[in-house]
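What the coordinates show
The residues making up each chain are set out below.
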Amino acid sequence: MDLLEGLNPQQRQAVTCAEGPVLVLAGPGSGKTRVLTHRVAYLVREVGVRAGNILAVTFTNKAAREMKARLSHLLGAECEALTIGTFHATCARILRREGTLLGFAPSYTIYDDDDQQAVIKRILKEMNLDDKAYRPGAVLSVISKAKNDLIGPDEFVPKSYREGVIARIYLRYQQALKESNAMDFDDLLTNTVALWQQFPDVLERYRSRYRYVLVDEFQDTNAAQYVLLKQLAAQHRNLFVVADEDQSIYSWRGADFRNIQRFREDFPEAPTILLEQNYRSTQTILDAANAVISRNTRRTPKRLVTERDRGTPLVVHEAYDEQEEGQYVVREIQRLVGEEGFRPGDCAVMYRTNAQSRAVEEAFVRAGMRYKLVGATRFYQRREIKDALAYLRIVYNPADSASLSRVINVPPRGLGPQTAEALFAWAGEQGISVWEALHRLRQAEQGDEPMAHPLSARAVKPLLAFLALWESLVEESKSLDVASILQLVLERTDYQAYLNDGTEEGRDRWDNVMELLNVASQYANMENSLGVFLQEVSLVADVDELGDQPDTPVLLTLHMAKGLEFPVVFIIGLEEGILPHSRSSGSPEELEEERRLFYVGMTRAKDHLYLVHAFRRASYGRSAPSQKSRFLRDIPHHLTGGERRTWPTRPSAALRVEPVAAPKPREDARPAPPSAPTFAPGDRVVHPKFGVGTVVESRIVSDDEQVTVAFPSNGTKKLLARLAKLEKVR
DNA sequence: GACATCTGAATTTTT
DNA sequence: TTCAGATGTC
């Protein structure tokens, strides 16, 4: 296959200039993924670079996966040796190997937002600070900002009394993470930078390994990431970055598109290649997007052109309120599918804030139409999933105190907040982990010489019972894979009984846990499956889940839409206060970022673009009139079919989506359950522990059969056929 | 210590 | 509207 076939001259240039730094400024839809993959393939096939010497960094795991998939087509087996991943995943892997140099065991835990909050809350308590005055979220955002700028707790210079306090929290927070053998997201980057700074020989190793570095979405890198790249590429200078400043939408997370300027200064020999040819959208959509983005002052003017025809005008639509907005969208999708030959999966609905999805979802449900909601469902954020993962984490990394405090009393075992706090404080005083503290407690209680400890007599027994449970899990986990460990955890903690409170919610939660077990079982035949599983699970993002989904419309935020494309795009909530968001209209910089966000959304569309706003909108309970977004005024009239509205004919029969007996929409695709239950009510069964019993009910849950059995001597139990060794008896 | 009920407070985007 | 935290009861 000719790697250059079908590429335009600019793309070709980007693919083939082999040595030295390169800056590619790529507009939306200009085929930059193609350029990146073909360049990697070109380096390997034509230049003779060894695949093992190439590092490609992407923004999401999904992008990494896609790139790998494409490269396996282009390169075959050779692509296995490539390193392709997000900054975070790549750093996490490096730190697994080298983290001991910084004092982190390879089993370190990656803390997510909730874990971070938990740590901060504990510190606030410890320092006797009011969590109203120092809201954990606010404190964390200051800390995160500092980390993104590579400012450690020691270098943090407070500019106010408040910041002085935060500086002390920051210091304590880093200590706490270290004690827990844990890192937060930002630490993955900063610790890698620190590692390379402090150990030049290690840096040297990675420099000679990653001789060619390619970076996607470079405009969304932060200072730490930029330093990382500079460290790596300082000598060989083979740094290839692809950027679009107009699509920089993560400045609130520390991203700084001025890195593009820095790159130009630090690598002055780099040629700049412009990709302005758009292969995605109609000229009308591009013209509208150009009109919007050209209002931004801080940018290099670009002209996006396409060879496609003008296409249809944009549709600007005013709905009465958010309900009708949703109904309008659904009805329009139905029309496009019914009359214009689009598939449901061709359509995407985009919005500024997750809360906006609700009304749209309701409209889909009312219409009996399936849809896929990206994010918000947040599988890995669910309580039961986090509990299960926390168990796995303390098994893998017994120092992990945030996970421990999460599950120490889940299910309830008599270890309430008082006891937990006393235990943690006692461990803290002695400078040891809770794991060790519990061992000391056992010695004190069972050893010959009694030792003083602050734990109440009543708490000792459940504490020691918990330690025994924990120890047995740690011990047995050594010879088991993740899925088996998880099963063991579920059995030993009787977690199912805890979740199954008879409500539908309880059943759903258990289903989720089974789904997690399902995911875990995919890691079965792997070296260190527990560690691999935990790491990958810590780094998944919502967009990553947007895989081979059923053919349904997709609902997602504008942020998550970056990098995607759809034949039909609806952007809803085009109102002042929402887009631009009220929290981001303070400074011109923020306003420009809001505009970029809108631009990103518009340029996702291939054929049809709908811009929808509502006359009034309810925000938490109260409904109020709204004003249409200033961004709409930037679009020339001749590009839209004029503005349409469907009210005040409300309530109009034409608009109402008729409720249909709706199949319950599933937000997450599940594998098809096994066919029929093997057990039926009335069956007599025998269980190794509970003895003989009678089946009350049996149903398929996820991919296992859940059997409810009444045991005369042990009461009624819900059992999983896969776990419990149930046998039918005559 | 566990659970139910009440209150009031806060709402952006997420690797 | 939703949710976390506080309060009250057993």
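Now for a description of the structure that goes with this document. All values derive from a computational prediction rather than experimental measurement. (Residues numbered from 1 in each chain as written. Chains lettered and ligands numbered in written order. Predicted model: local features only at pLDDT ≥ 70, side-chain atom pairs only at ≥ 80, totals over all residues. Heavy atoms only, no water.)

1. Quick word on the nonpolar core
One broad rule of soluble globular proteins: the nonpolar side chains tend to lie buried together. Among the nonpolar cores identified, the biggest contains 59 residues, and Leu389, Leu392, Leu423, Leu438, Phe466, Leu516 and Phe533 are the most heavily contacted of them. Tallying contributions element by element places helix H19 (residues 457–477) first for this core, with ten residues. In this structure, Ile94, Val193, Tyr206 and Phe218 belong to the second largest nonpolar core, which totals 42 residues. (Core = buried A, V, L, I, M, F, W, Y, C linked by side-chain atoms within 4.5 Å. Buried < 20%, exposed > 50% of the residue type's maximum accessible area, 1.4 Å probe, protein only. Helix = DSSP H or I, 4+ residues; strand = E, 2+ residues; numbered from the N terminus.)

2. Comments concerning the protein's contact with DNA strand C
Every residue near DNA strand C is listed here: Lys121, Arg358, Tyr620 and Gly621. Contacts to DNA strand C include Lys121, whose side-chain N or O atom sits 3.1 Å from a phosphate oxygen. Here a phosphate oxygen of DNA strand C and a side-chain polar atom of Arg358 are 2.9 Å apart. By residue class, the composition of the surface near DNA strand C is one nonpolar, one polar and two charged. (Near = heavy atom within 4 Å. Polar contact = N/O pair within 3.5 Å; in protein donor to acceptor, adjacent residues only side chain to side chain. Nonpolar A, V, L, I, M, F, W, Y, C, P; charged D, E, K, R; others polar.)

3. Brief notes about the pairing of strand E11 (residues 314–319)
A large share of E11 lies buried, amounting to six of its six residues. Here E11 shows a buried face lined by Leu314, Val316 and Glu318 and a second buried face lined by Val315, His317 and Ala319. For E11 and strand E16 (residues 605–614), the ladder comprises five bridges, and the chain directions are parallel. In the strand pairing of E16, His317 is matched with Val612. (Pairing = 2+ DSSP bridges.)

4. Focus on the side chain of Asp244
As for its position among the elements, Asp244 is in the loop between strand E7 (239–243) and helix H11 (259–266). A relative accessible area of 3% places Asp244 in the buried class. A distance of 3.0 Å separates the side chain of Asp244 from the backbone nitrogen of Asp246, its partner in a polar contact. A distance of 3.4 Å separates the side chain of Asp244 from the side chain of Lys302, its partner in a polar contact. Non-local contacts of Asp244, meaning those with residues more than four positions away in its chain, are made with Ala26, Gly27, Pro28, Gln219 and Lys302. (Contact = heavy atoms within 4.5 Å.)

5. A few points about helix H15 (residues 383–396)
Between its terminal C-alpha atoms H15 stretches 20 Å, which fits the 20 Å expected from 14 residues at 1.5 Å a residue. Within H15, 13 of the 14 residues are buried, which leaves it mostly tucked inside the rest of the structure. (Expected span 1.5 Å × (residues − 1).)

6. Re H19
Between the first and last C-alpha of H19 there are 31 Å, a value that for 21 residues agrees with the 30 Å anticipated at 1.5 Å per step. Ala459, Val460, Pro462, Leu463, Leu464, Phe466, Leu467, Leu469, Trp470, Leu473, Val474 and Ser477 are the residues of H19 that are buried. Buried residues belonging to H19 abut H15, helix H16 (401–407), helix H17 (417–430), helix H18 (434–446) and helix H20 (482–493).

7. Focus: unusual backbone geometry
The general pattern is negative phi for most residues beyond glycine and trans for most peptide bonds. Going from Val410 to Pro411, the amide bond is cis rather than trans, its omega being -10 degrees. Within the secondary structure layout, Pro411 lies in the loop between H16 and H17. Here the bond from Leu579 into Pro580 is cis, since omega is 5 degrees, no more than 30 degrees from zero. Position of Pro580 relative to the elements: it lies in the loop between strand E15 (566–571) and helix H25 (588–602). For Glu217, which is not glycine, the phi dihedral falls at a positive 50 degrees. Relative to the assigned elements, Glu217 resides in the loop between strand E6 (212–215) and helix H10 (223–233).

8. Here's the deal with the packing of helix H1 (residues 9–16) against helix H2 (residues 32–47)
At a closest axis distance of 8 Å, the pairing of H1 and H2 adopts a crossing angle of 40 degrees. Considering their axes alone, H1 and H2 lie oblique with respect to each other. Seen from above, H1 lies across H2 with right-handed handedness. From H1, Gln11, Ala14, Val15 and Thr16 reach across to H2, where they touch Val35, His38, Arg39 and Tyr42. (Axes fitted to C-alpha atoms, helices over the stretch in contact; angles between N-to-C directions. Parallel < 35°, antiparallel > 145°, perpendicular 65-115°, else oblique. Left-handed = near helix turned anticlockwise from the far one by under 90°.)

9. Quick look at the packing of aromatic side chains
Evaluation of the coordinates by the stated rule reveals 17 aromatic pairs. Geometrically, the ring pair formed by Trp435 and Trp470 is edge-to-face, given 4.7 Å between the ring centres and 75 degrees between the ring planes. Taken as a pair, Trp435 in helix H18 and Trp470 in helix H19 lie far apart in primary sequence, 35 residues in all. In terms of burial, Trp435 and Trp470 fall into one category: buried. Ring centres of Tyr523 and Phe533 lie 5.1 Å apart, and the angle between their planes is 80 degrees; on these two criteria the pair is classed as edge-to-face. You can see Tyr523 sitting in the loop between helix H22 (504–521) and helix H23 (529–538) and its partner Phe533 sitting in helix H23, a full ten residues away along the chain. Phe533 carries the same exposure label as Tyr523, and that label is buried. (Phe/Tyr/Trp six-rings, centres within 6.5 Å; stacked < 30°, edge-to-face > 60°.)

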